[in-house]
Amino acid sequence: MDYVKKDLGAYNLHIIKTNKFKTITVRVVFQRPIVKSEITMRNILCDMFLQSSKKYNCKRELTIKSQDLYAADISTANSRLGNYINTNFYLTILNDKYTEEGNFEDGIEFLSEIIFNPDVKNNKFDSSKLDVVKTNCRSALNSLKEDASNYSIMRMFEELDNKSPSSYRMNGYLEDLDLVNEDNLYQYYESMIKSDLVDIFVIGDVSEEKIVPLFRKYFKIRTIKKKRSDYLLKDVMARNKRKVSKEEIDNSQSNLAIGCRVHGLSEYERNYPLTLFNIIFGGGCDSKLFKEVREENSLCYTIVSIPNKLDHILIIKAGIDRYNFNKTLEIIEKDLNDMKKGKFKDSDILVAKEYFETAIEETEESQHRIIDNYLMMELIGTDSLDEKRVKMNKVTKNEIIKVAKKIKIDTVFLLEGGK
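Just so we're clear, the structure is a prediction, and the values are computed from it rather than from any experiment. Within every chain, residues take consecutive numbers counted from 1 along the sequence as written. Since the coordinates come from a predicted model, pLDDT governs what is reported: local features require at least 70, and pairs of side-chain atoms require 80 or more to be given and counted, while whole-chain, interface and lining totals use all residues. In computing side-chain properties, one takes all heavy atoms of the structure into account and sets aside hydrogens as well as water.

(A) Expanded view of the overall build of the chain. Along its length, the chain carries 16 helices and 13 strands. For a compact globule the rule gives 2.2 Å times the number of residues to the power 0.38, and the radius of gyration it is set against comes from C-alpha atoms. A globule of 419 residues ought to have a C-alpha radius of gyration of about 22 Å, and the chain, at 23 Å, matches this closely. For the C-alpha atoms alone, the extent of the chain along its principal axes is close to 60 × 50 × 35 Å. For the chain, the proportion of its 419 residues judged to be buried stands at 54%. In this description, contact between two residues means that some pair of their heavy atoms is separated by no more than 4.5 Å. Taking as baseline every contact in the chain between residues at least 6 positions apart, the subset at least 24 positions apart corresponds to 81%. The Shrake-Rupley method, run with a 1.4 Å probe sphere, supplies the accessible areas, and residue values consider only the shown protein chains as cover. Here the chain displays about 19,500 Å² of accessible surface, and carbon together with sulfur accounts for 47% of that area. Counted charges follow a simple rule, with Lys and Arg positive, Asp and Glu negative, and His plus the chain ends left uncounted. Note on charges: their place is set at NZ of Lys, CZ of Arg, CG of Asp or CD of Glu. Charge centroids of the chain, computed over 67 positive and 66 negative side chains, lie 4 Å from each other. Each helix is a run of H or I in the DSSP string that is no shorter than four residues. Each strand is a run of E no shorter than two, and both are numbered from the N terminus. Each residue is placed in one exposure class: buried if its accessible area under a 1.4 Å probe, protein chains only, is under 20% of its type's maximum, exposed if it is over 50%, and partly exposed if it falls in between.

This is the structure we're talking about:
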């Protein structure tokens, strides 16, 4: 893969050239520091982009245009990345080699139409379409508990620190939904277009000579570049005494969510030894948690650990019977202490490194994952895939133990079912 970054004034254009794929994928990322009260507004706006535009004034016309572009796929999504909220626009379209000359340019023009020419009259979004989006959003917010696993993690983060961006509900909030109207939604749109930081990624069998003029033509962004704030959240020490909270739910199964503070890691430790620690501890079906909590003691239906690196948090989640709560917690803590004492084998490290290599190979087969990697390289300075391979293979057992000693259980949340 060949990579080039072009400074186009208001935004950076990242071009990743590879002939591995028949499609070209474009990702446009609008970014700003996250504000809790703006999340719902931004979610509504994100959905409004795919309702209509000036040129394609209903969802059906947008769909027809996508099909005319040889079934091009366009989507939008909001995500939180540390201290920032990102609004992502995705376009995946067949290369002109497999369609016809000009198909890719038509796709870029279509994406530009959706972003920069929304269905707005008199500085207002269409009220009937906004009502549809708000109704769907309200329904989703009212059904959060239906996904008990995700809801338990959400509630754990709120108990961990309800003022931290890690606790913000990316689905949004009902109280903010009622405040969204045609006028203030357009004002927020204008603010996003004019002031957000923007990065654009293109991956496929493309050339810099053809790509750059296309984006100069269709993406005439006038944003004044600002210095980026730190993406990493504040590194906080764990409580002296862990916090345990419970909430009842009308479910047969209980969901356990544990938040561990990961304090004082270097950038290297966060990206490499922590990754291997997690794979060995709870990252898969060969992990300590899976073997000891699930297989040997039959205390849970599922169990996994997930490092949330930008938040300095390690999440442990499990589906359990409520009567097994104390015993499950006891074994999880024992397994964590065993990692701190180095009670794992060299063969566990080799398996974890093979697991990581497989993940790298899977990334190389996905345009979206490759873009994810280059995005993280741009925003927080992570390494390339080849550099990751080299550094991961050099990680030692002592480095993993050193990281394990910096992990401490802070908050335990049980979404208690089975009553």
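That was the structure; now back to the text.
(B) Representation of helix H2 (residues 59–68). Those residues of H2 not exposed but buried are Leu62, Lys65 and Ser66. Around the axis of H2, the buried residues are gathered within 100 degrees of arc, so they sit on the same side. Away from the buried face of H2 by more than 90 degrees, exposed residues Arg60, Gln67 and Asp68 are located. Where the residues of H2 are buried, they touch helix H3 (103–116). Trailing H2 by a residue or two, tyrosine 70 shows a phi angle of about 55 degrees, which is positive. For this quantity, the arc is that covered by the directions from the helix axis to the C-beta atoms.

(C) Layout of the packing of aromatic side chains. Each aromatic pair joins two rings of Phe, Tyr and Trp (for Trp, the six-membered one) with centres within 6.5 Å, and gets the label stacked for planes under 30 degrees apart, edge-to-face for over 60, and tilted for any other angle. Inspection of every chain in the model, using the stated rule, returns 13 aromatic pairs. Between the aromatic rings of tyrosine 84 and tyrosine 231, the centroid separation amounts to 4.1 Å while the plane-to-plane angle is 20 degrees, which identifies the pairing as stacked. Of this pair, tyrosine 84 sits in strand S5 (residues 84–94) while tyrosine 231 sits in the loop between helix H8 (208–218) and strand S9 (243–248), and the two are 147 residues apart along the sequence. For the residue pair tyrosine 84 and tyrosine 231, the accessibility class agrees, reading buried in each case. Considering the side-chain rings of phenylalanine 277 and phenylalanine 281, the 5.2 Å spacing of their centres and the 20 degrees angle between planes classify their relative orientation as stacked. Taken together, the residues phenylalanine 277 and phenylalanine 281, both in helix H10 (residues 273–282) and four residues apart, mark about one turn of the helix. When sorted by exposure, phenylalanine 277 lands in the same class as phenylalanine 281, which is buried.

(D) Quick look at the side chain of serine 53. Positionally, serine 53 belongs in the loop between helix H1 (39–48) and H2. Judged by its relative accessible area of 0%, serine 53 is buried. Once residues within four sequence positions are removed from consideration, serine 53 is found in contact with Leu62, Glu113, Asn117, Pro118 and Asp119.

(E) Summary view of the sheet that holds S9. Strand order in this open sheet of five strands is S9-S13-S10-S12-S11, and the pairing throughout is mixed. Edge positions in the open sheet fall to S9 and strand S11 (300–308), since each of these has one partner strand only. Taking each pair of neighbouring strands and ignoring which way they run, the sheet shows an average axis angle of 15 degrees. As judged from the eight bridges shared by strand S10 (residues 254–262) and strand S13 (residues 407–416), these two strands associate in the antiparallel manner. Paired with cysteine 260 across the strands is isoleucine 409, a residue of S13. Helix axes use the C-alpha atoms of the stretch in contact, all axes being lines fitted to C-alpha atoms, and the angles between their N-to-C directions lie in the range 0 to 180 degrees. Docked against the sheet, H10 engages S11, strand S12 (313–320) and S13, running at close to 175 degrees with respect to S11. For two strands to be treated as a pair, DSSP must find at least two bridges joining them.

(F) View of the sheet that holds strand S3 (residues 23–33). Pairing within the open sheet is mixed, and its six strands lie in the order S1-S2-S8-S3-S5-S4. Because the sheet does not close on itself, it has two edges, and the strands there are strand S1 (2–7) and strand S4 (73–81). Averaged over neighbouring strand pairs, the angle between their axes works out to 15 degrees when direction is ignored. In terms of strand pairing, S1 meets strand S2 (residues 12–17) through six bridges, oriented antiparallel. Following the sheet pairing, valine 4 is matched in S2 by isoleucine 15. Across the sheet, H1 touches S3, S4 and S5, and the angle it forms with S4 is around 170 degrees.

(G) A look at unusual backbone geometry. Even without being a glycine, alanine 71 presents a positive backbone phi close to 60 degrees. Position of alanine 71 among the secondary structure elements: in the loop between H2 and S4. A residue is classified by how much of its surface remains accessible, and alanine 71, at 48% relative accessible area, is partly exposed. A positive phi angle is found at asparagine 123, which is not glycine, with a value near 60 degrees. Position of asparagine 123 among the secondary structure elements: in the loop between strand S6 (120–121) and strand S7 (124–125).

(H) Local environment of the pattern of salt bridges. Counted as salt bridges are all cases of a side-chain nitrogen of Lys or Arg within 4 Å of a carboxyl oxygen of Asp or Glu. All chains considered together, the criterion is met by 38 salt bridges. Aspartate 178 is the salt-bridge partner of arginine 138, the closest N and O atoms lying 3.0 Å from each other. Of this pair, arginine 138 sits in helix H4 (residues 127–142) while aspartate 178 sits in the loop between helix H6 (174–177) and helix H7 (182–195); the two residues are 40 residues apart in sequence, bridging distant segments of the chain. Accessibility expressed as a relative area gives 31% for arginine 138, which makes it partly exposed. Look at the salt bridges and you will find they share partners, linking Lys145, Arg155, Glu158, Glu159, Arg169, Lys243 and Glu247 into a network.

(I) Quick look at the side chain of lysine 65. Following the sequence through the fold, lysine 65 ends up in helix H2. Comment: no salt bridge for buried lysine 65; closest opposite-charge side chain is aspartate 106, at 5.0 Å. Not counting chain neighbours up to four residues away, the residues in contact with lysine 65 comprise Tyr56 and Phe110.

(J) Structural context of the nonpolar core. Put simply, a nonpolar core is a bunch of buried Ala, Val, Leu, Ile, Met, Phe, Trp, Tyr and Cys residues held in one set by side-chain atoms that sit within 4.5 Å of each other. Among the nonpolar cores identified, the biggest contains 53 residues, and Phe215 and Phe219 are the most heavily contacted of them. Excluding residues within four positions of it along the chain, phenylalanine 215 makes contact with Leu8, Tyr11, Leu13, Val26, Ile108, Ile200 and Val202. Counting 43 residues, the second largest nonpolar core, distinct from the first, contains Cys260, Ile303, Ile320 and Val403.

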